[in-house]
Amino acid sequence: MNKKDIAEIRRQFKKNNDLLKINEIFNVYVMKESSEIYHQQSQPFEMLDPDEQELFLTNFKKVLSGQIDEKLFELKFQKDIEYSSQLILHQGLITDDLHEWKSQMIALVNKMLQIKQYEMDIVMTFIKGEYVKPVKRDNNEDEESPYNTLHAHTFILASINQTQEPKKELHFDYIEKVFKYHFVVDPVINLQKPIGGFLFPCFTDLVADVNRVLYSAPKANEPDEDFIDGVLNAEETITAKEDKIIFEEVVRDAIGHELNTTKLANIYQEINQVVEEDNEDTATLDYKDIEAVLKHSGVENVTLEKVERAFSNVIDDPGYELKAKNIVPKYNSKSIKINTKVANIAVSPEDLHHVRQIHFGGKRYLMIEVDEETIIDGFTMVPEVFGHKVEDES
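In this numbering scheme, every chain counts its residues from 1 along its sequence in written order. Residue-level local features of this predicted model are given only where pLDDT is at least 70; pairs of side-chain atoms are given and counted only at 80 or more, and the full residue set underlies all totals for whole chains, interfaces and linings. The side-chain numbers reported here are obtained from all heavy atoms of the structure, hydrogens and water having been left aside.

Here the limits of each domain have been adopted from an automatic or database domain assignment. Taken domain by domain, the protein consists of domain 1 (3-133 + 148-231), domain 2 (240-326) and domain 3 (336-380). Of note, the centres of domain 1 and domain 3, computed from C-alpha atoms alone, are 47 Å apart.

The next thing to look at is a negative patch on the surface. Surface patches are defined over residues having more than 30% relative accessible area and no salt bridge, joining like charges when they lie within 9 Å and nonpolar side chains (Val, Leu, Ile, Met, Phe, Trp, Tyr) when within 5 Å. Here the Shrake-Rupley method, with its probe set to 1.4 Å, supplies the accessible areas, and only the displayed protein chains count as covering residues. Any Lys or Arg side-chain nitrogen located within 4 Å of an Asp or Glu carboxyl oxygen qualifies as a salt bridge. Counted charges follow a simple rule, with Lys and Arg positive, Asp and Glu negative, and His plus the chain ends left uncounted. Positions of charges follow a simple convention, taking NZ of Lys, CZ of Arg, CG of Asp or CD of Glu. A contiguous patch of negative charge, built from Glu225, Asp226, Asp229, Glu235, Glu236 and Glu242, is present on the exposed surface. Strands here mean DSSP runs of E at least two residues long; helices mean DSSP runs of H or I at least four residues long; both are numbered from the N terminus. With three residues, the top contributor of residues to the negative patch is helix α5 (residues 225-231). Within the fold, Asp229 resides in helix α5. Burial here depends on accessible area, computed with a 1.4 Å probe over protein chains only, as a share of the maximum for the residue type. Under 20% is buried, over 50% is exposed, and the range in between is partly exposed. On the basis of relative accessible area, Asp229 is assigned to the partly exposed category, the value being 44%.

Within the element layout of this structure, Val231 appears in helix α5. A relative accessible area of 1% places Val231 in the buried class. Each C-alpha atom of the pair Val231 and Asn17 lies 32 Å from the other, and the pair is 214 residues apart in sequence.

We now examine the packing of aromatic side chains. The rule is short: rings of Phe, Tyr and Trp, with Trp giving its six-membered ring, pair when the centres are within 6.5 Å, and they are stacked under 30 degrees, edge-to-face over 60, tilted in between. As enumerated under the stated definition, the model contains ten aromatic pairs in all. Put simply, the rings of Phe13, Phe56, Phe60 and Phe155 touch in pairs and so form one group of aromatic residues. Geometrically, a lysine NZ or arginine CZ counts as sitting over a ring once it is within 6 Å of the ring centre and also within 35 degrees of the ring normal. The residue whose ring lies beneath Lys102 is Phe26, and the NZ or CZ to ring-centre distance is 5.9 Å.

Attention now moves to empty space enclosed by the protein. A cavity here means a set of 1 Å grid points, computed over protein atoms only, where a 1.4 Å probe fits but cannot escape. A pocket is an open set with protein on both sides within 12 Å along at least 5 of 7 lines, and lining residues have an atom within 4 Å of a point. Grid points are joined across faces, edges and corners, and a volume is the space filled by probe spheres set on the points. Under the defined criterion, the tally for this structure stands at one cavity of 30 Å³ or more. In this structure, the largest cavity encloses a volume near 40 Å³. Residue lining of the largest cavity: Val30, Met31, Lys32, Ser35, Leu113, Lys116, Gln117, Tyr118, Met120, Asp121 and Ile122, and that is the complete set. Charged residues are taken to be Asp, Glu, Lys and Arg, nonpolar residues to be Ala, Val, Leu, Ile, Met, Phe, Trp, Tyr, Cys and Pro, and polar residues to be all remaining types, Gly included. Partitioning the lining of the largest cavity into residue classes produces six nonpolar, two polar and three charged.

Another point: the pattern of salt bridges. The tally for this structure, following the rule as stated, stands at eight salt bridges. In this structure, Asp224 and Lys116 form a salt bridge, with 3.3 Å as the shortest nitrogen-oxygen distance. Taken as a pair, Asp224 in the loop between β12 (212-216) and α5 and Lys116 in the loop between α4 (98-115) and β4 (122-136) lie far apart in primary sequence, 108 residues in all. You can call Asp224 buried: its relative accessible area is 15%. Put simply, Lys295 and Glu291 hold a salt bridge, and the shortest N to O gap is 2.9 Å.

Taken together, Leu170, Phe172, Tyr174, Ile175, Phe179 and Tyr181 make up a surface patch of nonpolar side chains, about 850 Å² in accessible area. Mapped onto the nonpolar patch, the elements with two or more residues apiece are β6 (168-173) and β7 (178-183). Structurally, Tyr174 is set in the loop between β6 and β7. What makes Tyr174 exposed here is its relative accessible area of 70%.

For the rest of this paragraph, the subject is the packing of helix α8 (residues 287-296) against helix α9 (residues 304-315). To obtain an axis, a line is fitted to C-alpha atoms, over the contacting stretch when the element is a helix, and the angle between two such axes runs from 0 to 180 degrees between their N-to-C directions. One can describe the packing of α8 onto α9 by two numbers: an axis separation of 9 Å at closest approach and a directional angle of 130°. With respect to α9, the element α8 is oriented oblique. For α8 against α9, the interelement crossing comes out right-handed. Between α8, through Tyr287, Lys288, Ile290, Glu291 and Leu294, and α9, the contact on the second element is made entirely by Leu304, Val307, Glu308 and Phe311. Residues that form the contact of α8 with α9 fall into these classes: six nonpolar, no polar and three charged. Each angle receives one of four descriptions, namely roughly parallel if under 35 degrees, roughly antiparallel if over 145, roughly perpendicular if within 65 to 115, and oblique otherwise. When the near helix sits turned anticlockwise from the far one by under a right angle, the crossing is termed left-handed; a clockwise turn instead gives a right-handed crossing. Working rule for contacts: check all heavy atoms of both residues, and any pair within 4.5 Å makes them a contact.

Confidence per residue, as judged by the predictor, is encoded in pLDDT with a range of 0 to 100. Per-chain confidence: the protein averages 88 in pLDDT, with 92% of residues scoring 70 or above. Per-element averaging of pLDDT across the protein places strand β22 (residues 388-389) at the bottom with 53 and β12 at the top with 97.

Let us look at the packing of helix α6 (residues 240-255) against α9. For any two helices packed against each other, the geometry is given by the interaxial angle and the distance between the axes. Two numbers describe how α6 lies on α9: the axes approach to 8 Å, and their chain directions differ by 130°. In terms of orientation, α6 and α9 fall into the oblique class. Where α6 crosses over α9, the handedness of that crossing is right-handed. Judged by residue contacts, Ile246, Glu249, Val250, Asp253 and Ala254 of α6 engage Lys306, Val307, Ala310, Phe311, Asn313, Val314 and Ile315 from α9. Residue classes in the contact of α6 with α9 are distributed as eight nonpolar, one polar and three charged.

Moving on, we get to helix α1 (residues 3-10). Every buried residue of α1 is accounted for by Asp5, Ile6, Ala7, Glu8 and Ile9. Two N or O atoms count as a polar contact when they lie within 3.5 Å, although within protein this holds only if one can serve as hydrogen donor and the other as acceptor, and sequence-adjacent residues are included solely when both atoms are side-chain atoms. Residue Asn2 occupies the N-cap position of α1, its side-chain oxygen lying 3.0 Å from the main-chain nitrogen of Lys4.

Next comes the structure, spelled out in C-alpha cells:
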C-alpha cells in the first residue's frame, strides 16, 4: 500500500459515512498479571453511543496514521506456517458467522499472549467492516445517478490499546459546599494512543491483496519484531531509518568517510529526482544505481566493483535494493542538522549547496551563502572579509 491507498482508507473512518459500514466491534480485555483474557465483548458498532463511536473511529484512524516504513509497514506473510495468521484472518474475513469470526480473533489474541507480557492491562479491539468505493458513471450513463458501479471491499482492522491508572482528584461540591476526594477505581482505556494494530488485507488501488498485511508499530522506526513474527507470522521488515543507515555505510565503505557539501548535495539531488519521478514512492536503488548516482554527483574514483563489494560488506546481499525515499532527508524542509560546539544549524538538502567548510589562516570555518542581510537580536550584521571589517568606501 502506498500513502495514497492508506489515506483513502483512513479518511473513511468518520461518522455518518454511507461508504463505510462497520458490522461488529469486538473488545478483548487482557490482564497484565496473568496474561489471560479477563473479559470479551461483542456488539454491533451502530449500537454504540455516538460519542463512543467517535472515540473508536479516531482510534482506528490513529492506527492507520504515520509514515510508511517508519510507523506503517506492508508485510508479506511467511510461507509454510502451520495454522498461520494469514489463514486465521482470511477465514475471519470470509465468514458470515459471528461466532466463527470471534473465535478467529481470539486465536490471534492467544498468539499475542504466548509471546509477550504487557506492563499494563491491554484491550484488543477488532472490527470487521466494508468500504464501498463508488466509480463515477460515464457521460453516456443514466443522468439520475452520479455513479454506475459500487465496489465493496471487506477488511479486518485491529487496534491494541493500553490502560492507564485513573486520576486521583479533588472535587468541589457546589451544593454541599465541601471539598471531596474523588478516586475512580476503573482503569481508563487510552484510545488516543494505540500501541499497535494492523489492517487485513492490504489494498493497492483498492484491489485486495490477502498475501500482505499492513502493520502499525508502537513507535516510529520501532516495529515489534516478536509481534511481526510470532503473531502476524509475517516476514521481517527494514525501517526507513535502517535503510538510511545502510545507504550511509555503503557509501562510506565505497568512497571513504570524507565528502564535501557540494558532492553530498548533488547526491541528495540525484536521488530526490528518482523519488519525484516515481509518483508511488516505491522507487528502489541497487548497487548499480548507487554507483551511477555517485558518478553523476561528481564523486571520483568510484567503480561498480567498489559499490557492489560495499553492499556485500554492509548487508551481505549485493542484490539488496534501497528505497529511494528513505535515503534522502525531507528535501524541502530543514531536515539536515549540522552540529558544532559553537552553533547548531538546520538546512534543507536543496539548500546544502549554499554551505561550505573552508580553511583560512590555519582555522576551520563553516561558511553559509546568504542572499539577504543577517540580523541577530535586532542588529544588522556588518559584512566582513575573512575576519576583517569591510571599510566604508565613503
